[in-house]
Amino acid sequence: MSQKSTSPSNKTWIYVGGAVLAVLVAVLIAFSVTRGGDKDELTGVGDITTMLKGIPSKGLVLGKETAPVTIIEFIDPQCPHCAEASKSIIPDLVARHVRTGDVKLQLAPIAFISPTENGQKANRAIWAAGQQGKAWTFAEVLFHNQGAEGTRWLDDGMIDSVAGAVGLDKAAFDEARGTAAAQNALEESMQLATANKVSGTPTFLARNTKTQGQVNVEDLTPAGFDAAIAAVAADS
């Protein structure tokens, strides 16, 4: 019995087709990495949800309204150092100070690195998420899925993916981030940054909630935050 053979021309097409397929797969993978992927591919969502579970969140503030100390964090969604702080600093502050009611955290989103339209969109999105009590969840998930510098990872697709992953009402979210109130809030953050001579992100400012006495947190270690919190708490 003779076996069926493949003609040279058919083999050529198989080789060419395989090469084209490999290129397409590589392009799709690169696109997915650059863009940040869909919500099912986002990392850190479960851990962040657990970290913040049960903590009051209103607007851009995380923590009890009665907390004696407010720590303001100036952030830029595209800042790699902010992404590092999201993983190395925020969990400790939340666990040791926010959850205990000693401190409340306030986000101050600014377009520091690159005041592009996408950067402004992301800042408005953080504010809009805050209208549903999820500004910190949104920002933390965004930082955990930050793309490489110089890539166009921070697009409408990424913002929509994060919104879906953290469970926002999409219609209300889209409406809120297009309002004048959202833009006004960002302008207030910029004014606050200017008034406090913020020259980089992240910058942390510890403030006595009642007296408004404040200090810049220069030492971003747990001990450094403890010292800054104690200093402003003692202000009367």
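Here, every reference points to the structure presented above.
Caption draft 1: Focus on unusual backbone geometry. With an omega of -5°, the peptide bond between Thr 201 and Pro 202 qualifies as cis. The topology assignment puts Pro 202 in the loop between helix 9 (180–195) and strand 5 (203–208). For Lys 197, which is not glycine, the phi dihedral falls at a positive 55°. Residue placement: Lys 197 occurs in the loop between helix 9 and strand 5. Exposure remark for Lys 197: the relative accessible area of 71% places this residue in the exposed category.

Caption draft 2: Representation of the environment of Ile 229. Tracing the backbone through its elements, the reader meets Ile 229 in helix 10 (residues 222–233). Look at Ile 229 and you get buried, because its relative accessible area is 8%. Ile 229 sits 21 residues away from Asn 208 along the chain, and the two C-alpha atoms are 8.5 Å apart. Dropping the residues within four chain positions of it, Ile 229 is found in contact with Val 69, Ile 71, His 97 and Val 103.

Caption draft 3: The state of the cysteines, seen in detail. Counted according to the given criterion, the structure contains zero disulfides. Not engaged in a disulfide, the cysteine Cys 82 finds its nearest cysteine sulfur in Cys 79; these two sulfurs lie 3.2 Å apart. Residue Cys 82 is classed as buried on the basis of its relative accessible area of 0%.

Caption draft 4: Highlighting the nonpolar core. In this structure, Ile 71, Leu 105, Phe 138 and Phe 173 are the most contacted members of the largest nonpolar core, which totals 55 residues. Looking at this core, the element that brings in the most residues is helix 6 (residues 135–144), giving seven residues. Judged by nonpolar contacts, the second largest core, of seven residues, contains Ile 72, Ile 110, Ala 193 and Leu 205.

Caption draft 5: Main features of the pairing of strand 5. For strand 5, a buried count of six out of six residues is recorded, marking the element as mostly surrounded by other parts of the structure. Strand direction decides the pairing type here: strand 3 (residues 69–75) and strand 5, joined by six bridges, are antiparallel. Bridged to Phe 74 within strand 5 is Thr 203. Taken together, the three bridges between strand 5 and strand 6 (residues 214–216) define a ladder with antiparallel strand orientation. Directly across from Leu 205, in strand 6, lies its bridge partner Asn 216.

Caption draft 6: Representation of the side chain of Arg 124 in the model. Summarising the element assignment, Arg 124 is placed in helix 5 (residues 117–130). Residue classification places Arg 124 among the buried residues on the basis of a relative accessible area of 15%.

Caption draft 7: Layout of the pattern of salt bridges. Scanning all chains against the criterion turns up eight salt bridges. Notably, a salt bridge pairs Arg 96 with Asp 92, separated by 2.9 Å at the nearest N-O pair. Remark: Asp 92 and Arg 96 occur in helix 4 (residues 90–98); sequence separation between them is four residues, near one turn of the helix. Accessibility expressed as a relative area gives 24% for Asp 92, which makes it partly exposed. Salt bridges here are not isolated pairs; linked through shared partners, they connect Asp 160, Lys 170, Asp 174 and Arg 177.

Caption draft 8: Focus on the packing of aromatic side chains. All told, the structure shown has two aromatic pairs when counted by the stated rule. Arranged with centres 5.2 Å apart and planes meeting at 90°, the rings of Phe 204 and Phe 225 form a pair that is edge-to-face. Of this pair, Phe 204 sits in strand 5 while Phe 225 sits in helix 10, and the two are 21 residues apart along the sequence. Phe 225 gets classed as buried once you look at its relative accessible area, which sits at 2%.

Caption draft 9: Broad picture of the sheet that holds strand 1 (residues 57–58). On the basis of which strands lie adjacent, the open sheet formed by six strands has the order 1-2-4-3-5-6 and mixed pairing. A strand with exactly one partner marks an edge of an open sheet, and here the two such strands are strand 1 and strand 6. Strand direction decides the pairing type here: strand 2 (residues 61–62) and strand 4 (residues 103–109), joined by two bridges, are antiparallel. Its bridge partner lying in strand 4, Leu 62 is registered against Leu 105.

What counts, and at which threshold
- Residues numbered from 1 in each chain as written.
- Predicted model: local features only at pLDDT ≥ 70, side-chain atom pairs only at ≥ 80, totals over all residues.
- Heavy atoms only, no water.
- Helix = DSSP H or I, 4+ residues; strand = E, 2+ residues; numbered from the N terminus.
- Buried < 20%, exposed > 50% of the residue type's maximum accessible area, 1.4 Å probe, protein only.
- Contact = heavy atoms within 4.5 Å.
- Disulfide = S-S within 2.5 Å.
- Core = buried A, V, L, I, M, F, W, Y, C linked by side-chain atoms within 4.5 Å.
- Pairing = 2+ DSSP bridges.
- Salt bridge = Lys/Arg side-chain N within 4 Å of Asp/Glu carboxyl O.
- Phe/Tyr/Trp six-rings, centres within 6.5 Å; stacked < 30°, edge-to-face > 60°.

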